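Fold and contact review
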Amino acid sequence: NKPSTTTKKKATVKSAKAKKGKKVVSATIKLSSGKVVKNATVKVYVNNKKKATTKTNNKGKFSVKLSKKLKKGDKVKLVITKSTIKKITKTIKVK
């Protein structure tokens, strides 16, 4: 029996959306190979306050509805984790 070596793969956030006047934050998580990352945990922070936690669907996408509309200058931080990928932190400045 070979010992199982689990190398965490590098994934990236694609087409992240967080626009002023909207309550929705969405994106797609993909591996460098182009495959999507299913069932990853996504934590959404606005101005360093945790606002939501969700999971990516079978297409690697997620979308969360916030309680308040985003304002220009807000910082939306996404923290994506899954046992098979390296932790991703992506910050989007609302324009």
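The structure we're discussing is the one just above.
Residues numbered from 1 in each chain as written. Predicted model: local features only at pLDDT ≥ 70, side-chain atom pairs only at ≥ 80, totals over all residues. Heavy atoms only, no water.

Along the chain, the position of Asp74 falls in the loop between β5 (61-65) and β6 (75-81). A residue is classified by how much of its surface remains accessible, and Asp74, at 7% relative accessible area, is buried. It is 8.1 Å that separates the C-alpha atoms of Asp74 and Lys95, two residues lying 21 residues apart in sequence. Contact partners of Asp74, with chain neighbours within four places excluded, come to Val46, Asn47, Ile92, Lys93 and Val94. Here Asn47 takes part through its side chain, which lies 3.0 Å from a polar atom of the side chain of Asp74. Polar side-chain contacts of Asp74 include one of 2.8 Å to the backbone nitrogen of Lys71. (Helix = DSSP H or I, 4+ residues; strand = E, 2+ residues; numbered from the N terminus. Buried < 20%, exposed > 50% of the residue type's maximum accessible area, 1.4 Å probe, protein only. Contact = heavy atoms within 4.5 Å. Polar contact = N/O pair within 3.5 Å; in protein donor to acceptor, adjacent residues only side chain to side chain.)

Notably, Asn39 is not glycine yet its phi reads approximately 60°, a positive angle. By the secondary structure assignment, Asn39 is in the loop between β2 (24-31) and β3 (41-46). Here Asn39 falls in the partly exposed class, since its relative accessible area comes to 48%. Its identity as a non-glycine residue notwithstanding, Asn47 has a phi of 50°, on the positive side. Along the chain, Asn47 turns up in the loop between β3 and β4 (49-55).

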